[in-house]
Amino acid sequence: MKARVIVTLKNGVLDPQGKAIEGALRALGIDGVDGVRQGKVFDVELSGTDEDAARSALEEACQRLLANTVIENYRIEIA
């Protein structure tokens, strides 16, 4: 089973990396960029076919390792 975990900064959390990317895009002459927020994507392959068990395992992984839940949100997609 394949899953994707998408981790993004919570609203209101400053994103200096996103600001740097935004500035670099402008320096490259790319117009129309009003803002950039950076995040992380984890593509995970899981054994088994139990979607509930997979979601539970990924929830634990996010809480313990993949996301800093103080400043980040996460979303789990299972394919």
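In short, a report on the structure.

Once that is clear, we can look at the overall build of the protein. Secondary structure summary: the protein contains two helices and three strands in total. For the protein, the N- to C-terminal ordering of α and β elements is β-α-β-α-β. Compactness check: the protein gives a C-alpha radius of gyration of 16 Å against a globular reference of 12 Å for 79 residues, more than 25% above the reference. Referenced to the eigenvectors of the C-alpha coordinate spread, the extents of the protein come out at roughly 45 × 25 × 15 Å. Here the protein holds 79 residues, and the buried ones make up 23% of them.

For side chains of opposite charge, pairing can occur when their charged atoms come near one another. Counting across every chain of the model gives seven salt bridges. Two residues, arginine 26 and glutamate 22, come together in a salt bridge whose shortest N-O distance is 2.9 Å. One end of the pair is arginine 26 and the other is glutamate 22, both in helix H1 (residues 16–27) and four residues apart, which spans about a single turn. For glutamate 22, a relative accessible area of 6% translates into the label buried.

The subject of this paragraph is the sheet that holds strand E1 (residues 2–9). Strands in a sheet are paired, the pairing made by backbone hydrogen bonds, and the direction either parallel or antiparallel. Spatially, the three strands line up as an open sheet ordered E2-E1-E3, and their pairing is antiparallel. Of all the strands in the sheet, just strand E2 (39–45) and strand E3 (72–78) have a single pairing partner and so form its edges. Taking each pair of neighbouring strands and ignoring which way they run, the sheet shows an average axis angle of 15°. Two elements, E1 and E3, share seven bridges in a ladder whose sense is antiparallel. When the sheet's bridge partners are listed, arginine 4 is paired in E3 with glutamate 77. Sheet strands touched by helix H2 (residues 51–66): E1, E2 and E3. Its angle to E3, the strand with the most contacts, is close to 155°.

Reading the values: the criteria
Going along each chain's sequence as written, the residues are numbered from 1 onward. Per-residue local features of the predicted model are confined to residues with pLDDT of at least 70, and side-chain atom pairs are confined, for both listing and counting, to 80 or more; whole-chain, interface and lining totals are unaffected and use all residues. Values reported for side chains reflect all heavy atoms of the structure, with hydrogen atoms and water molecules removed beforehand. A helix here means a DSSP run of H or I that spans at least four residues, while a strand means a run of E at least two residues long, and both kinds are numbered starting from the N terminus. Atoms counted for the radius of gyration: C-alpha only. Globule rule: 2.2 Å times the number of residues to the power 0.38. Here's how the labels work: a residue is buried when its accessible area is under 20% of the maximum for its type, exposed when over 50%, partly exposed in between, all with a 1.4 Å probe on protein chains only. Here, a salt bridge means any Lys or Arg side-chain nitrogen found within 4 Å of an Asp or Glu carboxyl oxygen. Only when DSSP finds a minimum of two bridges between them are two strands counted as paired. Here the axes come from fitting lines to C-alpha atoms, over the contacting stretch only for helices, and the angles between their N-to-C directions go from 0 to 180 degrees. In this description, contact between two residues means that some pair of their heavy atoms is separated by no more than 4.5 Å.

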